[in-house]
Amino acid sequence: YHLLKNDPQAHVLFFSDKQPNITNKLRARLQRLVGIEMSTRIVFLPRMDEENYLHILQQCTLALDTLYYGGGANTVYDTVACGLPLITVKGTSHSGRFGYAAYKQMGME
């Protein structure tokens with residue numbers, strides 16, 4: 001919400017989940033949180049092959065590692081490989097610590 005509010009040019013991209021129900025629930029929750037006007041700047045992309053996925057990542061300004069779920073090892077390392085900054089915090093669960101661990105291995109806190 002804050003990114004969209006503070007940057008009128010910003011768009012937030014999500015890759016759809018394998019399970020459409022998860023994507024639909026997230027879409028509905030975000031629409032309630034940000035309102036109709038800002039929800040037009042939230043884009044859900046379909047699942048895609050690795051080449052196209054990495055091409056999309058290379059076009060982004062930054063990636064956000066979700067607080068409660070975590071990007072997972074592949075997603076974290078994909079952002080690193082693309083030179084894309086990953087905004088993360090050290091989570092309490094296993095999945096929420098991949099981003100933190102990758103940055104720590106690179107000597108970055």
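Let me sum up the structure you'll find in this document.

## Re a nonpolar patch on the surface
Taken together, Leu3, Leu62, Leu64 and Ile87 make up a surface patch of nonpolar side chains, about 350 Å² in accessible area. Residue position: leucine 62 is located in the loop between α3 (50–59) and β3 (63–64).

## Some details on the packing of α3 against helix α4 (residues 72–81)
Viewed as axis vectors pointing N to C, α3 and α4 meet at an angle of 55 degrees, and their least axial separation amounts to 9 Å. By the angle between their axes, α3 is oblique relative to α4. Where α3 crosses over α4, the handedness of that crossing is right-handed. Contact residues: α3 offers Tyr53, Leu54 and Leu57, while α4 offers Thr75, Asp78 and Thr79. Across the contact of α3 with α4, the residue classes tally to 3 nonpolar, 2 polar and 1 charged.

## Concerning the nonpolar core
Tyr53, Leu57, Ala63, Val76, Cys82, Leu84, Leu86, Ala102 and Tyr103 together form the largest nonpolar core, which totals 9 residues. Mapped by element, the contributors of at least two residues to this core are α3 and α5 (98–105). The contact partners of leucine 86, leaving out residues within four places of it in the chain, are Ala63, Leu64, Asp65, Val76, Thr79, Gly99 and Tyr103. Counting 7 residues, the second-largest nonpolar core is a separate cluster that includes Val34, Met38, Ile42 and Phe44.

## So, the side chain of aspartate 78
Along the polypeptide, aspartate 78 turns up in helix α4. The residues touching aspartate 78, leaving out its near neighbours within four places in the chain, are Tyr53, Leu54 and Leu57.

Calculation criteria
Residues numbered from 1 in each chain as written. Predicted model: local features only at pLDDT ≥ 70, side-chain atom pairs only at ≥ 80, totals over all residues. Heavy atoms only, no water. Patch = residues over 30% accessible without salt bridge, like charges linked within 9 Å, V, L, I, M, F, W, Y side chains within 5 Å. Areas by Shrake-Rupley, 256 points an atom, 1.4 Å probe, with all protein chains shown as cover. Salt bridge = Lys/Arg side-chain N within 4 Å of Asp/Glu carboxyl O. Helix = DSSP H or I, 4+ residues; strand = E, 2+ residues; numbered from the N terminus. Axes fitted to C-alpha atoms, helices over the stretch in contact; angles between N-to-C directions. Parallel < 35°, antiparallel > 145°, perpendicular 65-115°, else oblique. Left-handed = near helix turned anticlockwise from the far one by under 90°. Contact = heavy atoms within 4.5 Å. Nonpolar A, V, L, I, M, F, W, Y, C, P; charged D, E, K, R; others polar. Core = buried A, V, L, I, M, F, W, Y, C linked by side-chain atoms within 4.5 Å. Buried < 20%, exposed > 50% of the residue type's maximum accessible area, 1.4 Å probe, protein only.

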